[in-house]
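Remarks on the overall topology
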Amino acid sequence: MQGFKRKFVYACLFEALAILFTTFGLSVIGGHDSAHSTAAAVASSTVAFVWNFIFNGAFERWEARQPTRGRNFKRRMVHAIGFEGGLVMMLVPLFAWWLDISLWNAFVLDLGLIVFFMVYTYLFNLLFDRLFGLPSSAMPIPEH
């Protein structure tokens, strides 16, 4: 599976699971009521869904220009850190506003989610690539 279809399936699966994990994290671990937690999870997943297309499109364009193909540990870590780093900049203000807490408290709350989602992003990508194959940007260039 390649192109838009791959990105769409990836983003839908990733974010459906992310909503479940975020709702759980905000309500059970963060102590916020389930209605606010679910709304914050859906809002953050909507932001992440859009960011997913933007970031992965840019990452795959960069990846396609690299002399070494494939996705080793280092490349997967760069992907996970870049994706999650961009989300932090967008989601901390969203959580602060929605949960009516300070930016600092939202950042501290988000730290647990950040650590979880760094691992989740890495493992999800590894499993997704194993199930659906690598994107064309990571496949070896055919020799002519």
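Residues numbered from 1 in each chain as written. Predicted model: local features only at pLDDT ≥ 70, side-chain atom pairs only at ≥ 80, totals over all residues. Heavy atoms only, no water.

Note that H79 resides in helix α3 (residues 73–99). Through-space distance from the C-alpha of H79 to that of E60 is 9.8 Å; in sequence the pair is 19 residues apart. Apart from residues no more than four positions distant in its own chain, H79 is found in contact with Y10, F55, N56, F59, T121 and N125. (Helix = DSSP H or I, 4+ residues; strand = E, 2+ residues; numbered from the N terminus. Contact = heavy atoms within 4.5 Å.)

At M89, α3 is deflected by roughly 35°, the largest bend along its length, and proline P93 occurs up to four residues later in sequence. Where α3 begins, the capping side chain belongs to N72, and its oxygen is found 3.3 Å from the backbone nitrogen of K74. Positioned one or two residues after α3, D100 has a phi angle of 55°, which is positive. (Bend = angle between axes of the 7 residues up to and from the residue. Polar contact = N/O pair within 3.5 Å; in protein donor to acceptor, adjacent residues only side chain to side chain.)

In the contact formed by α3 and helix α4 (residues 103–132), the axes pass within 8 Å of each other and the chain directions differ by 145°. Between α3 and α4 the crossing geometry is right-handed. Partitioning the contact of α3 with α4 into residue classes produces 21 nonpolar, three polar and four charged. (Axes fitted to C-alpha atoms, helices over the stretch in contact; angles between N-to-C directions. Left-handed = near helix turned anticlockwise from the far one by under 90°. Nonpolar A, V, L, I, M, F, W, Y, C, P; charged D, E, K, R; others polar.)

With that settled, consider the packing of helix α1 (residues 3–29) against α3. Interhelical geometry of α1 versus α3 gives an angle of 50° and a closest axis separation of 15 Å. Considering their axes alone, α1 and α3 lie oblique with respect to each other. Considering the relative orientation of α1 and α3, their crossing is right-handed. Contact with α1, carried on its side by Y10, F14, T22 and L26, involves H79, F83, E84, F95 and L99 of α3 and no other residues of that element. The residue inventory of the contact of α1 with α3, partitioned by class, reads six nonpolar, two polar and one charged. (Parallel < 35°, antiparallel > 145°, perpendicular 65-115°, else oblique.)

A few words on the pattern of salt bridges. Using the criterion set out here, one finds five salt bridges in the structure. Note that D129 is salt-bridged to R6, the shortest N-O span being 2.6 Å. Note that D129 is positioned in helix α4 and R6 in helix α1, a separation of 123 residues in sequence. On the basis of relative accessibility, which here comes to 5%, the residue R6 falls in the buried class. A salt bridge links R71 to D129; the nearest nitrogen and oxygen atoms lie 3.3 Å apart. (Salt bridge = Lys/Arg side-chain N within 4 Å of Asp/Glu carboxyl O. Buried < 20%, exposed > 50% of the residue type's maximum accessible area, 1.4 Å probe, protein only.)

So yeah, pure geometry; function would need other evidence.
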